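# Residue-level structural notes
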Amino acid sequence: MAVLTEEQQMLRDGAQEWVSKRAPVSAFRATRDSGAVFDPALWKEIAEMGWAGMVVPEAQGGSDFGLTGMGLVLEEMGKTLVASPLFISGLVAASAIKSIGNDAQKADWLTKIADGSAIVTLAIDEGTRHNTAQTAMQAQADGDGFTLSGTKVQVIEGIAADAFLVLARTSGAAGDTDGLTLFLVPANSAGITRTQLKTFDSRGHAKVVFDGVKVGKDAVVGTIGGAHAPLEKVLDVARVGIACEMLGLCQQAFDTTLEYLKTRVQFNTILAQFQALQHRMADLFMELQLARSVIEHAVREIDAGGDGAEEAAILAKGFVGDVANKMSRQMIQLHGGIGMTDQYDAGFYIKRSRVLEATFGNQSQQSERWANLHDY
Amino acid sequence: MVYQFVAGRATARPSRNAEKGRSKPMNAQDSQLAAFRAEAREWLAKNFPKSLTGKRDVLMDIAPRYPEGEDWAAWKTAMGDKGWGTPTWPTEYGAGGLSRQEAMILDDEIERIGAFNPIVGMGVNMLGPTLLEFGTDEQRAQHLPLVVRGAVNWCQGYSEPGAGSDLASLKTKAEDKGDHYLVNGQKIWTSGSMYADWCFCLVRTSNDHKHEGISFLLIDMHSPGVEVRPITLISGKQTFAEVFFTDVKVEKGNLVGDLRQGWTIAKRLMQHERNGIGARKVSVGELRPVHEVAKEYIGTDDQGRLSDYDLRARIARHQMWERAQRLTVARVVEESKQGPSEATSVMKNAGSVSIQTREELLMEIMGNRGIGWEGDDYLPVEIEQTRQMLQNKANSIYGGTYEIQANIISKRILGMLDHQ
Ligand SMILES: Cc1cc2nc3c(=O)[nH]c(=O)nc-3n(C[C@H](O)[C@H](O)[C@H](O)COP(=O)(O)OP(=O)(O)OC[C@H]3O[C@@H](n4cnc5c(N)ncnc54)[C@H](O)[C@@H]3O)c2cc1C
């Protein structure tokens, strides 16, 4: 575990305690069984504890703890699969508005994000794979503003959202990085239809159709046509946030599996005594430790905001994604039949892992970026 | 949590990015460290011979032979006299006496200019820390100053033909003859023993107990009755040998720790050893990035991508793994208050995976130029790389094999019990 400051230590302890008391895996199971994508009561508690404002500046009612703080909470929540808009609104949308938005947008939205009274999300993906440059959705100049038309998929908490940060094209064609513009669009704007996507992690994902949605010039976040680069930076913050959740998921999958091997008896002995399984666990433990090092490095680099942030984010999303993939697979394998049942929790971990792996670029997309970054 | 990765928790160290982030006002300690950095930088600029820049790979072996030459000698003397080759050891032995933070800064500065630490070998990585922990004042006074100056070569007499992974089954015996021990037996795979002055050796002083019958003895390799027979490895190099002890007399003052404490000391020393293997640092310019070699041998497409896409992806995956492994080394250093811990087994295995994957990739990249053994048809660097790939297969064997480390991780860290 990293060398934490006293404040961070308290934050982590607090998160650990809340998660184990209020949001164990059984809470997620109950939410899923009810058909809901998150529990509003828990989300209210999360906001009341101030976690939704962790990356929001103090001026707008946040605590400005940075990703170092937010990461600790996301990791703890990853352990018990807590479903909440914290990641997308409190980390991603808040980071976007904070770094790209103008003063009015900050004043309007950051305070509401921080106190949990508004949920803001990103509406960017259109195709089967995350790729911002491939955005085709049009934003047609229209009098003093723009008209947005197109369909977005995999919009996280798209049903609960009060506003969308929508990526659309003001010029160029799909494939160009130039010509992309980000708009902040209230969810109740005329012309928006949203449908819940039933994904296997049972979380909130939506398809959002924008049919001639009219927005004013004041809806533009950042510069017209210049959204790609600043948005990618925000997405790197998001990728590290996801990786923090994946780390928690890996840790819990590992701990649960280890515990199981120590109790399950076959051939008159606990499974933990078989060397084949010992060595598999030793290898997984090694990778888990590497994953933790990668995360601790990444949150620091992101908060420092320097040149190392991009590489660190690629590494976090790609490497920890690989570990999460393996860990969640082995969790099922090493549990045998029980691991295959819906009644047992292992399935939740593999499902959540696969969704997180794909979100904002999977492992092979990160290796591709790594190679490009290093010029080969 | 049922396990702990590293023992103890460290005090915070200044992040390398402290300057970039919301930087706090400098406190007294920070300015002291900044002053030390300036001092180190200036001293290194003055003393490191430029001709040796990036030449550290010559010293990469576990028991390297120090090269001849004026600049090499000058650099060793400079660092040895300054005590910075053993930066954190006490000044009373002529060592650096630096704090851990200062040592990290020194390391940074050494790396920054493509320099390296010339004080290497088993005296530094293994014996020194062990004597500091278990040695007598006389033993430290006799041996440490020589190690600090790189004036002595040590070798490790652990393995025997019948005692490898099951090291405690070793048979080389030391009989008590009143004023000395009489040593008889055979060691094998003893790295650097061909040019070693001293050997730290595990010997059996009693047959009544497997582990407690073992003692830790320092043996002068120039004593009568010591015979060394070099063994050629698959790399064509001769880095280790068989060592025979026939009626070798060893003074009693050369016993480290108590008579039956040898196994405890041996295990502690192996943690230092594994730490050294896993944490082995690669300095700037020392190892060429794999992708650069690949671009040279394989070429790129019109967008500048390596033309072999599958290989390109595997290189990226490897480099990410390697980065994760190095970050782990840094994290362990940052977290652990004192010396190596169980985490060393994790690091050793992670380090072997890194280096061996790298070497296999390079071999593949070089194609038919990667299979040369000798002759002018191959470049010296190609032959060296090929031999290195073979030599580094030992990385997952010595210091306790990959499998033995996995046993340690699963049993000691994870508490997966053994068959009783
Ligand atoms: C280049 C090189 C340098 C060396 N330098 C030194 C030195 O300086 N001093 C020194 O004392 N020794 C040295 N060694 C020896 C080294 O420590 C031993 O080779 C090592 O401990 C393995 O012992 P062994 O060779 O007898 O293999 P064995 O113990 O016979 O092992 C053979 C295989 O079986 C596996 N195995 C063994 N036991 C188990 C188990 N319980 N569970 C699962 N798998 C197991 C091993 O992992 C290995 O794959 C060196 C070795 C090499 C290759």
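Residues numbered from 1 in each chain as written. Chains lettered and ligands numbered in written order. Predicted model: local features only at pLDDT ≥ 70, side-chain atom pairs only at ≥ 80, totals over all residues. Heavy atoms only, no water.

Let's shift gears to the overall build of chain A. A tally of helices and strands in chain A yields eleven helices and ten strands. Its C-alpha radius of gyration of 21 Å places chain A within 12% of the 21 Å reference for a compact globule of 376 residues. Summarising its shape, the C-alpha atoms of chain A cover approximately 80 × 50 × 40 Å along the three principal directions. Residue burial in chain A is summarised as follows: out of 376 residues, 60% are buried. When contacts within chain A are restricted to residue pairs at least 6 apart in sequence, those whose partners lie at least 24 apart make up 73%. Approximately 13,900 Å² of chain A is accessible, and the part contributed by carbon and sulfur atoms is 51%. On chain A, the mean spot of the 33 positive side-chain charges and the mean spot of the 45 negative ones are 6 Å from each other. (Helix = DSSP H or I, 4+ residues; strand = E, 2+ residues; numbered from the N terminus. Rg over C-alpha atoms; globule rule 2.2 N^0.38 Å. Buried < 20%, exposed > 50% of the residue type's maximum accessible area, 1.4 Å probe, protein only. Contact = heavy atoms within 4.5 Å. Areas by Shrake-Rupley, 256 points an atom, 1.4 Å probe, with all protein chains shown as cover. Lys, Arg positive; Asp, Glu negative; His and termini not counted. Charge placed at Lys NZ, Arg CZ, Asp CG, Glu CD.)

The next subject is the overall build of chain B. When helices and strands are counted, chain B shows eleven helices and eight strands. A burial count over chain B gives 52% of its 420 residues as buried. Of the contacts formed within chain B by residues at least 6 apart in sequence, a portion of 72% connects residues at least 24 apart. Accessible surface for chain B amounts to roughly 19,400 Å². Of this, 50% is attributable to carbon and sulfur atoms.

Counted under the stated rule, the structure contains 18 aromatic pairs over all chains. With 5.6 Å between their ring centres and 90 degrees between their planes, B:Y66 and B:W72 make a pair best called edge-to-face. On the basis of relative accessible area, B:Y66 is assigned to the buried category, the value being 18%. Accessibility expressed as a relative area gives 10% for B:W72, which makes it buried. Aromatic rings pair up to connect B:F36, B:W43, B:F48, B:Y66, B:W72, B:W75, B:W84 and B:F116 into one cluster. Seen from the ring of A:W109, A:K112 lies directly overhead, with NZ or CZ sitting 4.5 Å from the centre. One residue, B:R387, lies across the ring of B:W373, its end atom 3.9 Å from the ring centre. (Phe/Tyr/Trp six-rings, centres within 6.5 Å; stacked < 30°, edge-to-face > 60°. Lys NZ or Arg CZ within 6 Å of the ring centre and 35° of its normal.)

With that settled, consider the domain arrangement of chain B. All names here are of chain B. Assigned domains of chain B: these are domain 1 (31-120), domain 2 (154-262) and domain 3 (280-413). With centres defined by C-alpha atoms, the gap from domain 2 to domain 3 works out at 32 Å. Domain 2 puts seven residues into the contact, and the matching count from domain 3 is eight residues. Summed over both partners, the interface of domain 2 with domain 3 comes to about 640 Å²; 55% of that surface belongs to carbon and sulfur atoms. Of all residues in domain 2, I234, S235 and K237 give up the largest surface area on contact with domain 3, accounting jointly for 66% of the area buried on that side. Along the contact surface separating domain 2 from domain 3 lie one salt bridge. (Domains from an automatic or database assignment. Buried area = accessible area lost by both parts, 1.4 Å probe. Salt bridge = Lys/Arg side-chain N within 4 Å of Asp/Glu carboxyl O.)

Here we take up the pairing of strand β2 (residues 173-176) of chain B. Consecutive side chains of a regular strand alternate in pointing toward one face of the sheet and then the other. Residue and element names in this part refer to chain B. Note that β2 and strand β3 (residues 180-191) share four bridges and pair antiparallel. Residue pairing for β3: D176 is matched across the bridge by Y181. Counted between consecutive antiparallel strands, the loop separating β2 from β3 contains three residues, among which G178 sits at a positive phi close to 85 degrees. (Pairing = 2+ DSSP bridges.)

So, about the interface of chain B and chain A. Across the contact, 51 residues belong to chain B and 55 residues belong to chain A. In total, chain B and chain A occlude about 4,500 Å² of area from one another, counting both sides; carbon and sulfur atoms represent 58% of this. Among the residues of chain B in contact with chain A, B:M320, B:R331 and B:M416 are the three that bury the most area, contributing 15% of the side total. Here chain B is connected to chain A by four salt bridges. The interface formed by chain B and chain A contains 20 residue pairs in polar contact (both at pLDDT 80 or more). (Polar contact = N/O pair within 3.5 Å; in protein donor to acceptor, adjacent residues only side chain to side chain.)

Here we come to the site of the ligand. In the vicinity of the ligand lie 21 residues, with B:S165, B:W189, B:S191, B:T401 and B:E403 positioned nearest. Neighbouring residues of the ligand are not confined to a single chain but are spread across chains A and B. The side chain of B:S165 places a nitrogen or oxygen atom 2.6 Å from an oxygen atom of the ligand. Measuring from a nitrogen atom of the ligand, one finds a backbone N or O atom of B:W189 at 2.9 Å. Surface burial for the ligand is 69%, taken as the share of its 980 Å² of free accessible area covered by protein chains. (Near = heavy atom within 4 Å.)

A separate point is the domain arrangement of chain A. Residues and elements named next belong to chain A. What the domain assignment reports for chain A is domain 1 (6-118), domain 2 (122-221) and domain 3 (228-373). Computed over C-alpha atoms, the centres of domain 2 and domain 3 are 30 Å apart. Taken together, the 15 residues of domain 2 in the interface contact 16 residues of domain 3. Of the roughly 1,400 Å² buried where domain 2 meets domain 3, counting both sides, 65% is carbon and sulfur surface.

Let us now look at the pattern of salt bridges. Residues and elements named next belong to chain B. Inspection of the entire model under this criterion finds 40 salt bridges over all chains. Between D166 and K210 there is a salt bridge; the shortest N-O distance is 3.0 Å. Placement of the pair is D166 in the loop between β1 (154-157) and β2 and K210 in the loop between β4 (198-204) and β5 (214-220), with a sequence separation of 44 residues. The partly exposed category is assigned to K210, whose relative accessible area is 38%.

Right, let's talk about the pairing of strand β5 (residues 180-186) of chain A for a bit. Residue and element names in this part refer to chain A. A large share of β5 lies buried, amounting to six of its seven residues. Both strand β4 (residues 163-169) and β5 contribute to a ladder of seven bridges, which runs antiparallel. Considered in β5, the bridge of V166 is made with F183. Across two bridges, β5 lies against strand β8 (residues 220-221) in antiparallel orientation. Counterpart to L182 in the pairing with β8 is V221.

Attention shifts here to unusual backbone geometry. Phi at A:Q154 takes a positive value of approximately 50 degrees, unusual for a residue other than glycine. Considering the arrangement of structural elements, one finds A:Q154 in strand β3 (residues 145-156). Here B:D247, not a glycine, exhibits a phi torsion of approximately 45 degrees, which is positive. Topologically, B:D247 is positioned in strand β7 (residues 240-251).

On to the environment of B:S352, then. All names here are of chain B. Its place among the elements puts S352 in helix α9 (residues 343-366). Along the backbone, S352 and V381 are 29 residues apart, and their C-alpha atoms lie at a distance of 22 Å. In this view, S352 contacts N395 and S396; residues no more than four positions away in its chain are not counted.

At 3.6 residues per turn, the α-helix brings residues three or four places apart onto the same side. Residues and elements named next belong to chain A. For helix α3 (residues 40-48), the full list of buried residues reads L42, W43, E45, I46 and A47. Against α1 (6-22), α4 (66-79) and α5 (86-100) lie the buried residues of α3. The backbone nitrogen of A41 lies 2.9 Å from a side-chain oxygen of the residue at the head of α3, namely D39. Phi for G50, located one or two positions after α3, is positive at around 90 degrees.

Our next topic: α5(A). Residues and elements named next belong to chain A. Over its 15 residues, α5 extends 20 Å from the first C-alpha to the last, a length consistent with the 21 Å expected when each residue adds 1.5 Å. A maximum bend of about 25 degrees is found in α5 at A94. Summarising burial for α5: 13 of the 15 residues are buried, a large majority. (Expected span 1.5 Å × (residues − 1). Bend = angle between axes of the 7 residues up to and from the residue.)

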